[in-house]
Amino acid sequence: MDQKISPIPKIEEDVLNLWQQEDIFAKVVEARKDGKQFVFYDGPPFATGLPHYGHILQMAIKDAVLRYRTMQGYNVPRKIGWDTHGLPVEYELEKELGISGKKEIIDYGIEKFVEGARAIVLRYTREWETTMQRMGRWVDVTHPYVTMDNDYIESVWWAFSELYKKGLIYKDYRVSPYCPRCGTVLSNFELNQGYRDNVSDASVYVSLRVTSEGKFKDTHLVFWTTTPWTIPAVTGMSVSPKAQYVIVNQDDKRYVLAEDRYKDVFPDDPVESTFSGSELIGLRYEPPYSIESSENSDRVVAGEHVTTVDGTGVASIAPAYGEIDSLIGKQENLPMVQAIAPDGTVKTGLGLPGEGQFIKKADKEVLADLQHRGLLVKEQPIKHTYPFCWRCGTPLLYYPATSWFVKVTDLKDRIVKENEQIKWLPEHLRDGRFGRWLEGARDWAISRDRFWGAPLPVWECQKCDEFKIIASAQELDADNDGEPDVHDFHRPYIDKITFTCEKCQGEMHRVPFVFDCWFESGSMPYAQHHYPFENQDKFNPDQKVGYPADFIAEAMDQTRGWFYTLHVLGVSLFDHRAFNSVVVSGLLQAPDGKKLSKSLRNYVEPEILFNDQGVDPMRLFLFTSTTLGEDYRFSDMAVQDVKRRWLVPLLNVLQYYQLSLKETVEDQSTHLHFKPVDNWIKARVHEACAQVTAAMEGDDIRSPNDLVRACRTFGPLVEDLSTWYVRLSRGRKDPAFTTTLREILLQISQIYAPFFPFVTEHIFQVARKNQDPQSVHLCLLAQDDSWQNKDVLHEMAVVREIVSIGRELRTRSGIAIRQPLSKLEITKHEATHLSSEATAIIEQELQIEKVVFVDALSQGTTADQAGKIGLDTSITPELKNKGLANNLRRVIQDLRKQAELQPGDTAVVRVEPLEDHVAELLTSQLAYTALSKSDITNTVLAESEYSTDSGSITIKLYQA
């Protein structure tokens, strides 16, 4: 163990070369081809940027689980995919071209823009593949599924047509979350991905004069809003019929608002009267702006959504710019006024304040106008949560637009029920974050008014509004020549295809929408195989072939992303969940809890970390430091720490095994003589193997795959192996020891190969014999039940507890461990049936001459708190000399390390001054040979000072 071990990155490089030269991955695939299939779905990442630590975490999780299942004998297809469509790609291209928004894209040219998007989507695939290879992730990169391929798009069309046949697709004009920069609606789960906290906006209170005759005439309704830009589009006010309202007098005006809220607005003004909100319903008021009015507009209506928790108890209704507003507008027949252009600017030509400006900038103009007209009661800043576009970061608004929807609300009961059968890790996500999201699921807006995406396969008649839904490329063959009329299914090429309406003979044009890219990624289970057009032997949901997945894994944000779309599409198409088991990880953060950021320079680049610390140390950190589902506090120092504590000691044991082989004395007998400690370490490894199996498998194949629980067995096992078994076996040169150590190293390499594939492969290659498989990853995981021995585990646990107590007693007495003591007393009922081998370990570990079993502890011993173990701390001259010998041995060993001597290398020790009793110890107890002064060279290799009772001595190590 004195030799330097190879740095882990060098070990990993050698292992990668071995895998490549021997084509190990292909051999693993071939070896398992007849096994039962373990179905895995790989969520497609965007390859428009380099992989970061979040991606690397997912690579590690997926690779570990798939390696584990492969070593169980399963056939595990590993098909990778690339997400190539959608706003992320378009936004990236817009930045490169220096353009922004739909109008500038159209001016640039849709065809040129689409071709530009195609050119950048797979820009970084080579870097991704390099990272995956360096990570040790085994995956098929030669046959990926790519969402922009025609075959993939055709399967997406089939899925859409199937949903349409089931009555689950519809078109609607409704108010939806909308990005004005991107010019398209977003789904509700995309909306949730972009919320930001502590956004600063204006909180304003505005008064409107009541014009209805009666006791409320000329009073002023006070409403509250944090979106002043919506005020010009307000066509109604709503109040809670059940709440109490008041009239407050201030100067010469009378203001109406909720009783629970008036003190926040008029803290010092008197209340004139109190009444029910129902009395306000039907009142007419003078609108702040009159863009469009009718007999139904500018009146007070009932609003069950109105609360008196904040605001004024009077809520403005702008039907064009809010979901609830739109519903109430439809119920009450309030006009829908559009004061905002699709690009998020105030429309020009309407005489509105802030015209031509973006809504957030227009807020100031609106407030200034209201102030000038005496309608602004109060203004103050507010910090609140506001949604932004998840891709471009633009503030979102609710906006009326035509969209195509999946009727998720019709599926709600079914998707909730199917989720109950999924095994989630962490388990609380099933009924918590994901379950609650399903219970509140809304219809899914799947169309995007954009350019780079799978086009919706919908043609609409220009005369009678009849629809034609196509389900395959074959249906694009309008001229019946056996080939689709276009060879690229993207815009603008497919937009050129027209059909004749069968109903009225009018011309049908494709609707100008593309799919939400989440619909595409959620279609990967079948689209990756071009189902149902081919590969029905690989994907057949009726026969449970390729569906559902046995396992998927992504980060926490996908609970409202890919996990959701997979589940919804799976249930809607096949009436069955899309996956049986899912592992969800948290996010990686810097040690201070901040997001990992290049601008903050708070992390080491992955390539540098791999070259400095290695991949396995990083995997070890990821699989042991944090409970799955929680966020990681990540740093290169944390990775270095787990490497130092666990991987380096294991490699030291491997090195000790190699050295021991050279010194092993041949045993001429037919049977090896194993010691109890050999049986103990075997039983200990069996125990760890059983714990890993329980963590990964659970009760059936739909397991939790708890990598953290599995890998947290690694550290204690390495510690037991290195600091207990190997230390207790120091100096052994018998083949039983090296045989045991070899078996243990091989077993450990197999147990943990899925999780730390490089170091374990290295260990396996060193310890394997010709009859063993070529790679540890070709082994089948199996427990050797002949190693199971609970009795020996229990006995060793008792021994280690006694040793621990004995060390505490030594510490309390101030006696170093190298000073031998005469005896340790143990009450009989505390150590029943301890074998002689067990007591020998206690004597060795505690430097005790003898362990004595007694009915009661003797007077004068230093006892533990329970009074069951006592240490005789008296030191005789003979014991003192033995302690001195031990200390001299330790000093000399330290000098050998300083001199970088290897086991077997000889040297000369010189002690100055050499007292008689020291000389006696060196020759008798340490078995050194006395030499004359002439035998000593002048080359001093190392030296040290040591204090004895009679004074200080110098110990020098000379070259032999």
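Placed above this text is the structure.
Residues numbered from 1 in each chain as written. Predicted model: local features only at pLDDT ≥ 70, side-chain atom pairs only at ≥ 80, totals over all residues. Heavy atoms only, no water.

Within this structure, the stated rule accounts for 56 salt bridges. Taking the shortest distance from any N to any O, the salt bridge between E286 and R209 comes out at 3.0 Å. One end of the pair, E286, is in the loop between strand 10 (271–276) and strand 11 (299–302); the other, R209, is in strand 5 (residues 195–209), and 77 residues separate them in sequence. You can call E286 partly exposed: its relative accessible area is 41%. Using a relative accessible area of 29% as the deciding quantity, one classes R209 as partly exposed. The partner of D894 in a salt bridge is R890, and the shortest N-O contact between them spans 3.6 Å. (Salt bridge = Lys/Arg side-chain N within 4 Å of Asp/Glu carboxyl O. Helix = DSSP H or I, 4+ residues; strand = E, 2+ residues; numbered from the N terminus. Buried < 20%, exposed > 50% of the residue type's maximum accessible area, 1.4 Å probe, protein only.)

What follows covers the sheet that holds strand 11. The 3 strands lie next to each other as 11-7-12, forming an open sheet whose pairing is mixed. The open sheet has two edge strands with one neighbour each: strand 11 and strand 12 (314–317). When strand polarity is set aside, the average angle formed by the axes of neighbouring strands in this sheet is 35 degrees. As paired strands, strand 7 (residues 236–239) and strand 11 are joined by 4 bridges and run parallel to one another. Along strand 11, the bridge assignment pairs G236 with R299. (Pairing = 2+ DSSP bridges. Axes fitted to C-alpha atoms, helices over the stretch in contact; angles between N-to-C directions.)

Time to look at helix 22 (residues 676–697). Across its 22 residues, helix 22 extends 31 Å between first and last C-alpha, which sits within 8% of the 32 Å expected from 1.5 Å per residue. Looking at the residues trailing helix 22, positive phi occurs at G698, about 60 degrees. (Expected span 1.5 Å × (residues − 1).)

The interhelical angle for the contact between helix 22 and helix 24 (residues 714–728), taken along N-to-C directions, is 175 degrees, at an axis separation of 11 Å. What the angle tells us is that helix 22 and helix 24 run roughly antiparallel. Residues V677, D678, W680, I681, R684, V685 and A688 of helix 22 touch helix 24, and the partners they reach there are P716, L717, D720, L721, W724, Y725 and L728. In terms of residue class, the contact of helix 22 with helix 24 is built from 11 nonpolar, no polar and 3 charged. (Parallel < 35°, antiparallel > 145°, perpendicular 65-115°, else oblique. Contact = heavy atoms within 4.5 Å. Nonpolar A, V, L, I, M, F, W, Y, C, P; charged D, E, K, R; others polar.)

Right, let's talk about the environment of S297 for a bit. For S297, the position within the fold is in the loop between strand 10 and strand 11. You can call S297 buried: its relative accessible area is 0%. Excluding residues that lie within four positions of it along the chain, S297 makes contacts with T235, R284, L334 and P335.

All right, on to the pairing of strand 32 (residues 940–948) then. The pairing of strand 32 with strand 33 (residues 951–959) spans 8 bridges and is antiparallel. Of the residues in strand 33, the one forming a bridge with S944 is I955. Where strand 32 folds back on strand 33, the antiparallel hairpin that results is connected by 2 residues.

Our focus in this paragraph is the sheet that holds strand 20 (residues 498–500). Here we have 4 strands laid out as an open sheet, ordered 19-18-21-20, and antiparallel in their pairing. Unpaired on one side and paired on the other, strand 19 (467–469) and strand 20 mark the two borders of the sheet. Averaged over all adjacent pairs, the angle separating strand axes in this sheet is 30 degrees, with direction ignored. The pairing of strand 18 (residues 458–461) with strand 21 (residues 507–510) spans 3 bridges and is classified as antiparallel. Counted as the bridge partner of W459 is R510 from strand 21.

Here we come to the environment of L654. Position of L654 relative to the elements: it lies in helix 21 (residues 636–663). With a relative accessible area of 2%, L654 lands in the buried category. Separated by 63 residues in the primary sequence, L654 and P591 place their C-alpha atoms 33 Å from one another.

Right, let's get into the packing of aromatic side chains. Any pair of aromatic rings gets described here by the distance separating the centres and the angle formed by the planes. Tallying each qualifying case throughout the model produces 47 aromatic pairs. Here Y656 and F737 contribute two aromatic rings whose centre-to-centre distance is 6.1 Å and whose plane-to-plane angle is 70 degrees, an arrangement assigned as edge-to-face. Taken as a pair, Y656 in helix 21 and F737 in helix 25 (residues 735–752) lie far apart in primary sequence, 81 residues in all. For F737, a relative accessible area of 0% gives the class buried. Taking the ring centre of F405 as reference, the NZ or CZ of R174 above it sits at 4.1 Å. It is R800 that lies over the ring of W724; its NZ or CZ is 4.7 Å from the centre. (Phe/Tyr/Trp six-rings, centres within 6.5 Å; stacked < 30°, edge-to-face > 60°. Lys NZ or Arg CZ within 6 Å of the ring centre and 35° of its normal.)

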